[in-house]
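Chain by chain, the residues:
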Amino acid sequence: MAANSSHHESFSELHELSRAVSKTIHEFSFDDGHINGFDKGFNVSSNYKAEKSNLEKQLQDIEKEVTSLEHELECQRATGTLDTEDVNKLRSLLGKDPEDEDYYGPHKEEIGGITKKLDLLAKVTGISFTGCRCSLTKFESRNTERKYIIDGNTYGLNFQLEFNVIERQVAETLTNAYITALTIAVDEVVIDELESLICRCEDNNAVNQFLRTFSNFANWFSQRQKAFLHFKDKYPDRVDLTQGQYGSVMQFSDPENRGVIWTVSWNMLITVTGDVTPDIELFVKAPAQMIDMDDDAVLRQTPEKFCSLLQHFGIEQAIDTIIRITSS
């Protein structure tokens, strides 16, 4: 705290000195046509020019130091943000209880407001942000660049966004900001299904589109996982999750007749605009001899009947009905 105060005082003093020197040099200005009063006081124009050159050099040195201090102060403000877990650990080491009334000191009201907004965001969108790190990578008078690393999760799936934010002042009261160098990381179990989305969003630096699409995808992904696990628990002898609990395929068959295998394929269709819809199909695999004996084409028509069940009764009831019918 003392170091920041010292830097701030030095910064202010240098600004005052810089303005004073600039004013002095301005007052001493002259043209080649005549010598002003200052020249007459010295009586020698060459001496005046030497003095003015010296003052200009001092001003340049001071301006460089001011710019350096501005950069240092900006770095102190912008670099490093502790997430909630880090803050709690630090407070615990200091013997502070998060439930204490003065836990956050003078910033309690501000932090409380931010927390409420984040909670509301999580309820509305399903997205929870768990960490944010920021570092200043470039600082100029009209051009600032910061690097962000943001962690979060939605419906049990984790993500990490890394990108740069460039701010350029284009007018006295107008600053344009835009995102560059976006990279996206997600849980390994969904990389294959989201590969196209990630590439498209990274190419276009589309943070908002990724978050909205990822949240919708994660919601359907969670529903698929819960449904498959539900049927595996309900029909342990009939249902087989060949790709594991996170896979997009569930197979089932009659324990007394393993010749016919029924496969539910549940994929997610993601449009270029970020909309996500489930694509659920039923496939039948049976011996050729059995297919030849199926004069009424019952096996071939079952996938079509399944689609009709989906439309009228929903996903869970449609799958449950097919499993019971094919195992009776």
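In this text, all values refer to a predicted model and were calculated from it rather than measured experimentally.

Enquirer: Give a description of the sheet that holds strand β4 (residues 174–186) that names residues and reports values.
Expert: Through backbone hydrogen bonds, the strands of a sheet pair up, either in parallel or in antiparallel fashion. The strand order across the open sheet formed by four strands is β1-β2-β3-β4, and the pairing between neighbours is antiparallel. Each of the sheet's edge strands pairs with one partner strand only, and the pair in question is β1 (127–139) and β4. Pairwise comparison of adjacent strand axes, ignoring direction, gives a mean angle of 20 degrees for this sheet. Relative to β4, strand β3 (residues 157–171) runs antiparallel, the two sharing 11 bridges. If you follow N164 over to β4, its bridge partner there is T180. Set on the sheet, helix α7 (residues 207–234) makes contact with β1, β2 (143–154), β3 and β4; between it and β3 the angle comes to about 165 degrees.

Enquirer: Break down helix α9 (residues 298–313) for me, citing the residues and quoting the values.
Expert: Its maximal kink placed at E304, α9 deviates by approximately 25 degrees. Those residues of α9 that fall on the buried side of the exposure criterion are L299, T302, F306, L309 and L310. Buried residues along α9 sit in contact with β7 (257–270), β8 (276–285), α8 (288–293) and α10 (315–327).

Enquirer: Give a description of the packing of α7 against α10 that names residues and reports values.
Expert: Where α7 contacts α10, the axes come no closer than 11 Å and their chain directions differ by 30 degrees. The angle between α7 and α10 places the two elements in the roughly parallel class. As α7 runs across α10, the sense of the crossing is right-handed. Residues W220, H230, F231 and K234 of α7 form the contact with α10, whose own contacting residues are I315, E316, I319, D320 and I323. For the contact of α7 with α10, the class distribution of residues is five nonpolar, one polar and three charged.

Conventions we followed
- Residues numbered from 1 in each chain as written.
- Predicted model: local features only at pLDDT ≥ 70, side-chain atom pairs only at ≥ 80, totals over all residues.
- Heavy atoms only, no water.
- Pairing = 2+ DSSP bridges.
- Helix = DSSP H or I, 4+ residues; strand = E, 2+ residues; numbered from the N terminus.
- Axes fitted to C-alpha atoms, helices over the stretch in contact; angles between N-to-C directions.
- Contact = heavy atoms within 4.5 Å.
- Bend = angle between axes of the 7 residues up to and from the residue.
- Buried < 20%, exposed > 50% of the residue type's maximum accessible area, 1.4 Å probe, protein only.
- Parallel < 35°, antiparallel > 145°, perpendicular 65-115°, else oblique.
- Left-handed = near helix turned anticlockwise from the far one by under 90°.
- Nonpolar A, V, L, I, M, F, W, Y, C, P; charged D, E, K, R; others polar.

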